[in-house]
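# An overview of the molecular structure
Next come the chains, spelled out residue by residue.
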Amino acid sequence: MPLLGVNIDHVATIRQQRREFDPDPVKAALICQEAGADSIVAHLREDRRHINDKDIVSLKKALQIRFNMEMSIAPDVVQLACKIVPDQVTLVPERRQELTTEGGLDVVGGFKKLKPVCTRLRDKGIAVSLFVDAQKAQVDAAKSLGVSIIELHTGSYAEAKTRKALFFQLKTLTHIAQYAHSLGIEVNAGHGLKYHNTSAVAAIPAMNELNIGHSIISYAVFVGLKRAVTEMRAISRLKSSTRTG
Ligand code: PXP
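The text that follows walks through the structure, step by step, so that each part is easy to find.

### So, the packing of aromatic side chains
- By the definition in use, this model includes 1 aromatic pair.
- Taking the centre distance of 4.8 Å and the plane angle of 55 degrees together, the rings of Tyr195 and Tyr219 count as tilted. Of this pair, Tyr195 sits in the loop between β7 (186-190) and α9 (198-202) while Tyr219 sits in helix α10 (residues 214-237), placing them 24 residues apart in sequence.
- A relative accessible area of 55% places Tyr195 in the exposed class.
- Here Tyr219 falls in the partly exposed class, since its relative accessible area comes to 45%.

Set out below in structure tokens:
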């Protein structure tokens, strides 16, 4: 059974709508920890659109489970990771205009740029994972970099429109996961995994951990909405002692 890493970025997305303190992603991470999550994932994007530097510092201090910091190789972000020393870093490609991470890292094309960053992070004692598409060449390049963890991008699987396409994507993920595992690489997966499509990926024999964010935070809204309204309704019916008139 694979482990579960919970990505809490979208708690911070809601907070940033108002630039206030709520909802606090660190508080969310502690609830995930209490609920049995095996790790917490937070993506410090270059534009700081959701998670910010302070969150990263606080998460590192607060968590007892593994903290997996997702990030690009932008110098200031790498600098912060080296200072904070999360348990793990997952390197992803990043484009400012994208809504979310689109596609895996091109480890083959970016080998020269990635090498010193991986070395620097590893020298700090940080486990390095690369977020890659399910392609043999990318796995081989990760192996040549000396990386011991990869995260397979499940976006194409999650977006498959037909049963045939879905089956093909699942077969590809299974095959590449097995290949990476045979090279001694730990295999994780994530992106676009929802309540209806996760079990098939979880059943891939070589799968070590699934990293899931948007669907969990989205579902949490509905699981919690009734109670939130009930409590506010009770407050709004209370006769306040400070009420005038
Ligand atoms: N893994 C990586 C590398 C990601 O970039 C993301 C998206 O932030 C996820 C997992 C989680 O994806 P989702 O929010 O679609 O579950």
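### A word on the site of the ligand
- Close contacts around the ligand come from 14 residues, with Glu70, Glu151, Gly192, Gly213 and His214 the closest.
- Glu70 is positioned with one of its side-chain polar atoms (N or O) 2.5 Å from an oxygen atom of the ligand.
- Gly213 has a polar backbone atom sitting 2.8 Å from an oxygen atom of the ligand.
- Relative to its unbound accessible area of 400 Å², the ligand is 95% covered by the protein chains.
- Looking at the shell around the ligand residue by residue, the class counts come to 3 nonpolar, 8 polar and 3 charged.

### What about the pattern of salt bridges?
- Inspection of the entire model under this criterion finds 7 salt bridges.
- When the shortest N-O distance is used, the salt bridge between Arg48 and Asp76 registers 3.0 Å. Taken as a pair, Arg48 in the loop between β2 (39-43) and α3 (53-62) and Asp76 in helix α4 (residues 75-84) lie far apart in primary sequence, 28 residues in all.
- In this structure, Lys136 and Asp140 form a salt bridge, with 3.5 Å as the shortest nitrogen-oxygen distance. Of this pair, Lys136 and Asp140 both sit in helix α6 (residues 136-144), 4 residues apart, which is roughly one turn of that helix.
- In the salt-bridge network here, residues are joined through shared partners; they are Arg48, Asp53 and Asp76.

### Concerning the nonpolar core
- One finds Met69, Leu91, Leu121, Leu130 and Leu152 to be the most contacted residues of the largest nonpolar core, which totals 64 residues.
- Examining the composition of this core, we find that 6 residues originate from one element, α4, more than from any other.
- With sequence-adjacent residues up to four places away left out, Leu121 is seen in contact with Met71, Val78, Ala81, Cys82, Val89, Leu91, Ile126 and Val128.

### Details of α10
- For α10, which comprises 24 residues, the first-to-last C-alpha distance of 34 Å matches the rise-based estimate of 34 Å (1.5 Å per residue) to within 8%.
- At Gly224, α10 shows its largest kink, close to 45 degrees.

### With respect to the pairing of strand β5 (residues 127-132)
- Counting buried positions over the 6 residues of β5 gives 5, a clear majority of the element.
- In terms of strand pairing, strand β4 (residues 88-91) meets β5 through 4 bridges, oriented parallel. Across the sheet, Leu91 pairs through a bridge with Leu130, a residue of β5.
- With α6 bridging β5 and the parallel strand β6 (residues 149-153), this β-α-β connection has right-handed handedness.

### Topic: the sheet that holds β4
- Pairing within the closed barrel is parallel, and its 8 strands lie in the order β1-β2-β3-β4-β5-β6-β7-β8. On average, adjacent strands in this sheet sit at an angle of 25 degrees to one another, irrespective of strand direction.
- As judged from the 4 bridges shared by strand β1 (residues 3-7) and strand β8 (residues 207-212), these two strands associate in the parallel manner. Within the sheet, the bridge partner assigned to Leu4 lies in β8 and is Leu210.
- In the packing of α3 onto the sheet, contacts are made with β2 and β3 (66-71), and the angle to β3 comes to roughly 160 degrees.
- Running over the sheet, α4 touches β3 and β4 and is turned about 165 degrees from β3.

### Considerations on unusual backbone geometry
- Residue Pro23 is bonded to the preceding Asp22 through a cis peptide linkage, with omega at -10 degrees.
- Relative to the elements of secondary structure, Pro23 occurs in the loop between α1 (9-18) and α2 (25-35).
- Positive phi values are uncommon outside glycine, yet Arg48 reaches one of about 50 degrees.
- Positioned with a positive phi, His191 is a non-glycine residue whose angle comes to about 110 degrees.
- The residue His191 is located in the loop between β7 and α9 in this model.

Conventions and cut-offs
Residues numbered from 1 in each chain as written. Predicted model: local features only at pLDDT ≥ 70, side-chain atom pairs only at ≥ 80, totals over all residues. Heavy atoms only, no water. Phe/Tyr/Trp six-rings, centres within 6.5 Å; stacked < 30°, edge-to-face > 60°. Helix = DSSP H or I, 4+ residues; strand = E, 2+ residues; numbered from the N terminus. Buried < 20%, exposed > 50% of the residue type's maximum accessible area, 1.4 Å probe, protein only. Near = heavy atom within 4 Å. Polar contact = N/O pair within 3.5 Å; in protein donor to acceptor, adjacent residues only side chain to side chain. Areas by Shrake-Rupley, 256 points an atom, 1.4 Å probe, with all protein chains shown as cover. Nonpolar A, V, L, I, M, F, W, Y, C, P; charged D, E, K, R; others polar. Salt bridge = Lys/Arg side-chain N within 4 Å of Asp/Glu carboxyl O. Core = buried A, V, L, I, M, F, W, Y, C linked by side-chain atoms within 4.5 Å. Contact = heavy atoms within 4.5 Å. Expected span 1.5 Å × (residues − 1). Bend = angle between axes of the 7 residues up to and from the residue. Pairing = 2+ DSSP bridges. Right-handed = clockwise from strand over helix to strand, strands pointing away. Axes fitted to C-alpha atoms, helices over the stretch in contact; angles between N-to-C directions.

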